[in-house]
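# Inside the fold
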Amino acid sequence: MQFPYVIDTFFLLFAAVLIILMAPGFAMLEAGLVRSKNVVTVLTGNVLLYAITSFVFVLWGFNLMFGGNGFFLDGITMTDYSIYAFAFFQMAFVSKTVSIMSGGLSERVRLVPFMLFAIVMAGFIYPLVGGWIWNGGFLSGMHDLAGSTVIHSVGGWAVLAAIMILGPRQGKYDKNGAIRPMPASSIPLVTLGALLLWIGWFGFNGGSNFKISTPELADTVSLIILNTNTAGIAGAIAATLFLYARYRTLDVTMILNGALGGLVAITAGADVVGLWEPIVIGAIGGLLVVLAIPMFDRFKIDDPVGAISVHLVNGIWGTLAVALFSDAFTFWAQLKGVLVVGAFVFPVTWVLFALIKRFVGIRPNAESEYNGLDIQECGIESYPDFVKSKV
Amino acid sequence: MQFPYVIDTFFLLFAAVLIILMAPGFAMLEAGLVRSKNVVTVLTGNVLLYAITSFVFVLWGFNLMFGGNGFFLDGITMTDYSIYAFAFFQMAFVSKTVSIMSGGLSERVRLVPFMLFAIVMAGFIYPLVGGWIWNGGFLSGMHDLAGSTVIHSVGGWAVLAAIMILGPRQGKYDKNGAIRPMPASSIPLVTLGALLLWIGWFGFNGGSNFKISTPELADTVSLIILNTNTAGIAGAIAATLFLYARYRTLDVTMILNGALGGLVAITAGADVVGLWEPIVIGAIGGLLVVLAIPMFDRFKIDDPVGAISVHLVNGIWGTLAVALFSDAFTFWAQLKGVLVVGAFVFPVTWVLFALIKRFVGIRPNAESEYNGLDIQECGIESYPDFVKSKV
Amino acid sequence: MQFPYVIDTFFLLFAAVLIILMAPGFAMLEAGLVRSKNVVTVLTGNVLLYAITSFVFVLWGFNLMFGGNGFFLDGITMTDYSIYAFAFFQMAFVSKTVSIMSGGLSERVRLVPFMLFAIVMAGFIYPLVGGWIWNGGFLSGMHDLAGSTVIHSVGGWAVLAAIMILGPRQGKYDKNGAIRPMPASSIPLVTLGALLLWIGWFGFNGGSNFKISTPELADTVSLIILNTNTAGIAGAIAATLFLYARYRTLDVTMILNGALGGLVAITAGADVVGLWEPIVIGAIGGLLVVLAIPMFDRFKIDDPVGAISVHLVNGIWGTLAVALFSDAFTFWAQLKGVLVVGAFVFPVTWVLFALIKRFVGIRPNAESEYNGLDIQECGIESYPDFVKSKV
């Protein structure tokens, strides 16, 4: 039958393009959140991560994840939609796992060692976890629509381990325990980036239904997209109410992180809950972000963009929420998925970063970090025409 | 029959995503047009407006507008496409009515009181007007494809009333009658925002045909989108020719406002005119903008982004143009719609803002306004790393 | 039959919207690459180019290219999809030919004379070449899927000729042969712009298949999009490896230009090669860019954004690569297309710019150029709030 094949292929291409819009989304979000002396390095990292991880994934990661033996789609067949569209859609996911990390490691990670890790992530870690959960592996009893665990927890565990190896930015934590604020250099870029991510999420979650070609499937896709939006809204509003009650000011970087937290949280179960549940799931997601960000700071886990709070905390919460709000999946299956993935990704990343630190080097020297990584890593400045008010 | 349901649902989702691209569009446009000391407040407002109005609308505004009694889509059924896709599409519209206002009120409106009004707008004012015109209400004899009146005039009347209550920015109008220019802080953001709005308009107008699933419907959607673009082009070119003839310089913020004026003007009738008429409708729209902006300034109606000129003036012009360029609709029906909506929205907004001003407070104190709203309202700066040349 | 007509029309609209996303893409890329004193002029140029060339093209260029005699689609019929969608899609292409030029001429071309040339380009030069290759003309024996030659070489030859008439920017080449670097003013805008172009390219190349309505067509469209992405990736990675090997720093503006070079190179043949070939085609494309940019500088051909290297060099390479990687097309047919188009576009552009220079004037005076074109051409500044570190 022609119609479903054509329409589902078109739908996958549409969704994939939306997801790729998250590449400028992450790049702008992170470029806005760091100080201007490190902006070019963050942008370069985002561009290279997209290029390198996508390349590795189409070259062999996709085959590893979906059971082919060879390279570049060889030996994998699809009958319901074009294999090329499916591979393009799956490829659009992979750079997210490392884009998540990029912000958390920013302002003191060198580009080349980080790219070495990215190759392992896209070529082995992510395809293995993806296969376990999404391709009939031993965790396939859990439900994870678009990757609260497969994408966000994986990236979240990895960035947590990497930050612990890497250490905090120079001067972030004072000897007497004070936490020095390092303000975001461009709030317009932060806002643009977060809103592009939000829009990309409609393809991320909606596309993970793969098919839209019957009225029932079309309803499910539409419900997923509406629920995704609702959770983002609820995360933003919950963060706003908390911030206003607590501080009487509305820091938009925290509000946007709240929205992203809600979006991560609904990513596992947008298809198996009704219209109301995303309000709760998303609101809790937003609150978790605004509570977790200062908490990690107190533990001296220096995460410049709040990546752990947004992606790991809410990746876990979203995965567990599936069991709380849908009868079809057990809490134990969901929890097992969370734990197994953490027990795999966290130590593997730790060891890899420790090895890279030892044998390649991972941080710039103190002077380069003080002057900003842009000069050493990239040889150019982000905004050379403007007089800077601080280093 | 499966095919039309699936394809029209997919089409509504595609259109809705384009419309939501207008959220970063408005945010970047307005952030670029205000001074850097108020940029964060404008961005925060845009993010919150999207979250709050969308939430209110899906929660009960949608039901109010489309005749359900309950909450959250309850009691409303659709047979031609997914109700979730339709609700998502309709929701994508609502934040535009207040995003229009956000720029006009910028640099001296506090966030929380504005948000209180936004709840009333999304929960009552807009759904009522929408029901009158688009859901078989007493104004349904008029033609308003995608909301020259329902969206743009509603937002335009509201921002006019609100500006009159709020008053001009500090120092804008000198005692001796001089008008002090307050230059836009970032022309790249203005350009980016306006172009994203332009692209979103294809979903806005095209999607308002709701269906694409027969050749005739596909032709109509395509004609709408082509006409929308033509009117935007004509608005930009007319504004350009006027500016060049008059000043010999080409202020791109005025050219882009001219394009937006043309886009607003074609929004009522893009489906009922031929290929040539949008040139005239859009060109007049662009001219109206460049003529109206200095006129409102002369009346000391301080509109930092030209929102009244773009959305109200052209919302009216576009609605009336339907009767001038299509025989199917009477001038009287179109004019009645314009007048009734104005007679409802303007006084209601006036009273609401007067009440908010009286009982909540609506402006920052003089010192906060002088220093910029960002510090007081949001606690952060837009571009902390750059040395500012003025306050 | 209804289904193919509807789905192909929808697909063309989807692709066209993606292509129009390249308008903000080019605008942001070029605004980021020039110095802040010329940013407004570049943005104004991009907005006007979109408006003017699109207008000229729908008004008569489309008819010239596709064989109608009249104006505005008159006398042209389509049976497979909506003529309005097809015209909209074709219109989305035309502004690219001059957006390519806009960056190369930036920082010393006046707006009005450039717009006069743009009218000739959109109304005559491009439609003629397009007709020769894409509408059964005398070059239709060559294969050029989405315009390595028709778009990129045409724009590339034109910008080369125009730069030779216009001369280099003031102070770019020292009397003693030194090349003065003129750093990009905003790397975030460069990155955003290049990534938006990349995303737009999926519509550019994918949409050039026109149809998606059978499984075979859906496979071809999907293959084209996957191949397009692969070539962009390969271009970025090849540029990165070269830069790192040579300079040990990673200049992201060069990496992004490498990606764009790969994208231009795959534009001619994405539909007639397999999955692996785009790696080679794109990698060579990326290398050509990083080698050609300093080469043109040595010849004192001052191209502020690398437009000639990206679009002309790779337009030629991509067109010839079709014959190297596919047996279906002869090298001679491809080469003939390259040569004929160059022999037509280069001298015509040369003469036109020489005439415009003589009779209208094309450069600002030395003082205006020194102070930046924004004041004279547009009357506003790009970032008035920030203290500039240099003129």
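Look up a bit, the structure's there.
Quick look at the structure, then.

Cut-offs used in this document
- Residues numbered from 1 in each chain as written.
- Chains lettered and ligands numbered in written order.
- Predicted model: local features only at pLDDT ≥ 70, side-chain atom pairs only at ≥ 80, totals over all residues.
- Heavy atoms only, no water.
- Contact = heavy atoms within 4.5 Å.
- Buried area = accessible area lost by both parts, 1.4 Å probe.
- Polar contact = N/O pair within 3.5 Å; in protein donor to acceptor, adjacent residues only side chain to side chain.
- Core = buried A, V, L, I, M, F, W, Y, C linked by side-chain atoms within 4.5 Å.
- Buried < 20%, exposed > 50% of the residue type's maximum accessible area, 1.4 Å probe, protein only.
- Least-squares fit on C-alpha atoms with pLDDT ≥ 70 in both.
- Axes fitted to C-alpha atoms, helices over the stretch in contact; angles between N-to-C directions.
- Helix = DSSP H or I, 4+ residues; strand = E, 2+ residues; numbered from the N terminus.
- Parallel < 35°, antiparallel > 145°, perpendicular 65-115°, else oblique.
- Left-handed = near helix turned anticlockwise from the far one by under 90°.
- Nonpolar A, V, L, I, M, F, W, Y, C, P; charged D, E, K, R; others polar.
- Salt bridge = Lys/Arg side-chain N within 4 Å of Asp/Glu carboxyl O.
- Patch = residues over 30% accessible without salt bridge, like charges linked within 9 Å, V, L, I, M, F, W, Y side chains within 5 Å.
- Areas by Shrake-Rupley, 256 points an atom, 1.4 Å probe, with all protein chains shown as cover.

## So, the interface of chain A and chain B
Contacts between chain A and chain B engage 57 residues on the former and 53 residues on the latter. Summing both sides of the interface, chain A and chain B together bury roughly 4,700 Å²; the carbon and sulfur share of this comes to 82%. The largest contributions to the chain A side of the interface with chain B come from Pro188, Leu226 and Leu250 of chain A, which together make up 12% of the buried area. Linking chain A with chain B are nine residue pairs in polar contact (both at pLDDT 80 or more).

## A word on the nonpolar core
Met101 and Leu105 of chain A, Met101 and Leu105 of chain B together with Met101 and Leu105 of chain C are the most contacted members of the largest nonpolar core, which totals 465 residues. The contacts of Leu105 of chain B, once residues within four sequence positions are left out, are Phe114, Val159, Ala162, Ile163, Leu166 and Phe353 of chain B.

## What about the relation of the copies chain A and chain C?
The relation between the two copies of this chain is a rotation about an axis and a shift parallel to it. You can overlay chain A on chain C at an RMSD of 0.0 Å; the transform is a turn of 120° with a shift of 0.0 Å along its axis. The relationship between the two copies is best expressed as a three-fold rotation axis. For chain A, the smallest separation between a C-alpha atom and the rotation axis is recorded for Val387 of chain A, amounting to 3.3 Å.

## A look at the packing of helix α3 (residues 39-66) of chain A against helix α7 (residues 187-207) of chain C
Where α3 of chain A meets α7 of chain C, the closest approach of the two axes is 9 Å, and the angle between their N-to-C directions is 15°. When the axis of α3 of chain A is compared with that of α7 of chain C, the two are roughly parallel. Like other packed secondary-structure pairs, α3 of chain A and α7 of chain C cross with a definite hand, here left-handed. Touching Val39, Val40, Leu43, Val47 and Tyr50 of chain A of α3 of chain A are Ile187, Pro188, Thr191 and Trp198 of chain C, all from α7 of chain C. Here the residues of the contact of α3 of chain A with α7 of chain C are counted per class, giving eight nonpolar, one polar and no charged.

## What about the relation of the copies chain A and chain B?
For the match of chain A to chain B, the screw axis carries a shift of 0.0 Å, the RMSD comes to 0.0 Å, and the turn is 120°. The share of interface residues of chain A whose copies in chain B are also at the interface is only 16%, consistent with the copies meeting through different surfaces.

## Looking at the interface of chain A and chain C
Contact with chain A, which involves 54 residues of that partner, is made by 56 residues of chain C. Here chain A and chain C share an interface that buries about 4,700 Å² over both sides, 82% of which is from carbon and sulfur atoms. Of all residues in chain A, Phe10, Phe72 and Asp385 of chain A give up the largest surface area on contact with chain C, accounting jointly for 15% of the area buried on that side. Run the count over chain A and chain C and you get zero salt bridges. Counting every contact that joins chain A to chain C gives nine residue pairs in polar contact (both at pLDDT 80 or more). Looking at the side of chain A that touches chain C, the elements that each hand over two or more residues are α1 (2-20), α2 (22-33), α3, α4 (83-104), α5 (111-134), α7 (187-207) and α14 (373-378) of chain A.

## Details of α4 of chain A
Extensive coverage of α4 of chain A is indicated by the burial of 21 of its 22 residues. Residue Ser82 of chain A occupies the N-cap position of α4 of chain A, its side-chain oxygen lying 3.2 Å from the main-chain nitrogen of Tyr84 of chain A.

## A short note on a nonpolar patch on the surface
All names here are of chain A. Together, Leu116, Ile119, Met164, Trp350, Val351, Leu355, Phe359 and Val360 give the surface a local cluster of nonpolar side chains, amounting to about 720 Å² of exposed area. Of all the secondary structure elements, the ones that give two or more residues to the nonpolar patch are α5 and α12 (331-359). Ranked by residues supplied to the nonpolar patch, first place goes to α12 with four residues. Of note, Trp350 is situated in helix α12.

## Observations concerning the environment of Ala259 of chain B
All names here are of chain B. Turning to its location among the elements, Ala259 is positioned in helix α9 (residues 252-266). Under the relative-accessibility criterion, Ala259 is labelled buried at 1%. Along the backbone, Ala259 and Asn365 are 106 residues apart, and their C-alpha atoms lie at a distance of 36 Å. For Ala259, the contacting residues outside a window of four places in its chain are Trp198, Gly232, Gly235 and Ala236.

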